[in-house]
Amino acid sequence: MDQFVIDGGHPLSGSIAVSGSKNASLPILAVSVMTSDACVFRNVPRLRDVQTQVKILNTLGVESQWVRDAITTRVRDDYNSTAPYELVKQMRAGVCVLGPLVAARGEAVVSLPGGCVIGERPIDLHLRGLQALGAEIRIEHGYVHAKAPKGGLKGAEIYLGGRFGSSVLATDNVMCAAVLARGTTVIECAACEPEVVDLAECLNSMGARIEGAGSPRITIHGVRRLKGCDWAVIPDRIEAATFLIAGALTRSPITVKGARAQHLLAVIDVLRQMGVEVKRKGQNMTVVPVERPKAYEVTTLPFPAFPTDVQSQIMALMAVATGTSVITERIYPDRFMAAAELKRMGANISVTNGQAVVHGVESLAGAEVMASDLRASAALVVAALAAHGQTRISRVYHIDRGYERIEERLRRLGARIQRVREPGTTGDEPAQAAGAG
Ligand code: EPU
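Read on for a plain summary of the structure. If you're wondering where the values come from, they're calculated on a predicted model, not measured in any experiment.

**Section: the packing of aromatic side chains**
What the rule picks out here adds up to 0 aromatic pairs. The ring of Trp66 carries Arg46 above its face, with NZ or CZ at 4.5 Å from the centroid. Looking at Arg105, its charged tip hangs above the ring of Tyr79, at a distance of 3.6 Å from the centre.

And the structure:
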């Protein structure tokens, strides 16, 4: 197991390029089971979660070759359709093979993902959507068994809203399944996230007929087969937001290259309300830092509103703002793991009932802290870059799930960050279960 040792309080400078999107890559890779042709997926980040997804696909009979940022896949003739617990427990997004498998092979056996540190994450909407298309669903011994009826899945009108609104991966699963169903499917209350649009466009490039992705109503006209694809995934908007916040926290005019501003409007607006401008030029965004940001109120909601995946990082910025900020978490009301660790660094945050009240302090101080989930870890990294003195962040495997070689890339901006082996560990510890993402 590794730790980050960060000597904070030093300004950053220069530019940093954004990687391909983790959350777009994971469901897009899963469409490889839906065609017998070869597929090429480009701009795929080299992350633990992507490696896990590739392993899941390998167990499902997908041969893969990973060269630089491109993964080429092809389905073997002798495949099986079971995604095992050992892999799905490492990454909940493994569940996004369910829709593609039942569509293409008529059946799927996928482990239930199990617990998750960021809160309860049911998959009832995924299952309801597939049932509406005619799939028979059984849950046995911790596995979901999904089976298409004799004549195959059949298009339907499906309302896919849940307690917290739309669901990204449920929309992905049902959309994939509907692509190869007979007739037309309408998904109402579909997730509008850019990652859903990317998946839809990738499927359309393979011959699917999907309309309306990016809006709450997606219409899918079923087709008989899909061909292969050569698809480049979108840039990672969450990574881009994390870097913008790193610039704001360290008061550094860094430039984030290659992100799509239209995916980041809510984040850019919140930064502006806090006094931090983001200058846009083509696909480059440069932070115009201020001495101290102002407090603000943020509510996390589905896209295009402020994303839950940037909530921990903005909390780190609010921790040093003038005045009192309030964060209301509407997607995962318990996702406040960053608060306790930021408090070890001198932040003044209280959390109750899905809300965090952040009283800004003048500055943070380095401390020993522990990463607990992917985005909370990212918040600790950006906070540590700005804090006075040294911070040691243990369990950085969480951050490796979603940020590619983050320490090397931050070092190029002048950050003083080192990866060291955690005392008392060998580096051979098994991957931890129940990772968010
Ligand atoms: N929900 C249900 N029932 C379901 C599915 C979801 O009640 O069947 C609830 C969830 O509990 C949550 C809300 O609906 O309260 C939204 O969850 P959603 O299904 O949209 O989340 P997800 O699709 O499982 C993806 C991202 C997450 C991100 C969320 C929300 C991937 C691989 N993961 O998860 O990313 O937080 O959407 O935007 O795309 C991360 O990258 O750190 C991460 C956690």
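**A closer look at the site of the ligand**
The ligand sits among 25 residues. The nearest are Asp124, Ser167, Asp309, Ile331 and Arg375. Within the side chain of Tyr332, one N or O atom sits 3.0 Å away from an oxygen atom of the ligand. Expressed as a share of its isolated accessible area of 830 Å², the protein-covered part of the ligand is 94%. Sorting the residues of the shell around the ligand by element identifies helix 1 (22-30), helix 5 (124-132), helix 6 (168-179) and helix 12 (374-386) as the ones contributing at least two each.

**Describing the pairing of strand 3 (residues 39-42)**
In this sheet, strand 5 (residues 70-75) lies alongside strand 3 in antiparallel orientation, the contact comprising 3 bridges. Each bridged residue has a counterpart across the sheet, and for Val40 the counterpart in strand 5 is Thr72. Of the pairings in the sheet, the one linking strand 3 to strand 14 (residues 230-232) comprises 3 bridges and is parallel in character. By the bridge assignment for strand 14, Val40 is matched with Asp230.

**Here's the deal with the packing of helix 10 (residues 311-318) against helix 12**
Remark: helix 10 packs on helix 12, axes separated minimally by 7 Å, with the N-to-C direction vectors making an angle of 30°. Viewed along their axes, helix 10 and helix 12 adopt a mutual orientation that is roughly parallel. In this structure, the crossing between helix 10 and helix 12 has a hand that is right-handed. In this structure, helix 10 contributes Ser312, Gln313 and Ala316 to the contact, and helix 12 contributes Arg375, Ala376, Ala378, Ala379, Val382 and Ala383. Split into classes, the residues belonging to the contact of helix 10 with helix 12 amount to 6 nonpolar, 2 polar and 1 charged.

**Comments concerning unusual backbone geometry**
The peptide bond linking Phe303 to Pro304 adopts the cis configuration, its omega dihedral lying at 15°. Along the chain, Pro304 falls in the loop between strand 18 (297-300) and helix 10. For Arg68, which is not glycine, the phi dihedral falls at a positive 50°. Inspection of the secondary structure puts Arg68 in the loop between strand 4 (62-67) and strand 5. The phi dihedral of Asn353 is positive, around 45°, even though this residue is not glycine. Locating Asn353 in the fold gives a position in the loop between strand 20 (348-352) and strand 21 (355-359).

**Observations regarding the sheet that holds strand 13 (residues 217-221)**
The pairing of strands in a sheet comes from backbone hydrogen bonds and takes either a parallel or an antiparallel form. Spatial strand order, 10-11-13-12: 4 strands in an open sheet with mixed pairing. The open sheet has two free edges, formed respectively by strand 10 (157-159) and strand 12 (209-211), since each of these has just one partner strand. Strand after strand, the sheet turns through a mean of 15° between neighbouring axes, direction not considered. Here strand 10 pairs with strand 11 (residues 184-188) via 3 bridges, running parallel. Looking at the pairing, Tyr159 lines up with Glu188 of strand 11.

**Overview of helix 1**
Counting buried residues in helix 1 gives 8 out of 9 residues, a clear majority hidden from the surface. Every buried residue belonging to helix 1 is among Lys22, Ala24, Ser25, Leu26, Pro27, Ile28, Leu29 and Ala30, and all of these are buried. Among the residues of helix 1, the N-terminal cap falls to Ser21, whose side-chain oxygen and the backbone nitrogen of Asn23 are separated by 3.3 Å.

The rules behind each value
Residues numbered from 1 in each chain as written. Predicted model: local features only at pLDDT ≥ 70, side-chain atom pairs only at ≥ 80, totals over all residues. Heavy atoms only, no water. Phe/Tyr/Trp six-rings, centres within 6.5 Å; stacked < 30°, edge-to-face > 60°. Lys NZ or Arg CZ within 6 Å of the ring centre and 35° of its normal. Near = heavy atom within 4 Å. Polar contact = N/O pair within 3.5 Å; in protein donor to acceptor, adjacent residues only side chain to side chain. Areas by Shrake-Rupley, 256 points an atom, 1.4 Å probe, with all protein chains shown as cover. Helix = DSSP H or I, 4+ residues; strand = E, 2+ residues; numbered from the N terminus. Pairing = 2+ DSSP bridges. Axes fitted to C-alpha atoms, helices over the stretch in contact; angles between N-to-C directions. Parallel < 35°, antiparallel > 145°, perpendicular 65-115°, else oblique. Left-handed = near helix turned anticlockwise from the far one by under 90°. Contact = heavy atoms within 4.5 Å. Nonpolar A, V, L, I, M, F, W, Y, C, P; charged D, E, K, R; others polar. Buried < 20%, exposed > 50% of the residue type's maximum accessible area, 1.4 Å probe, protein only.

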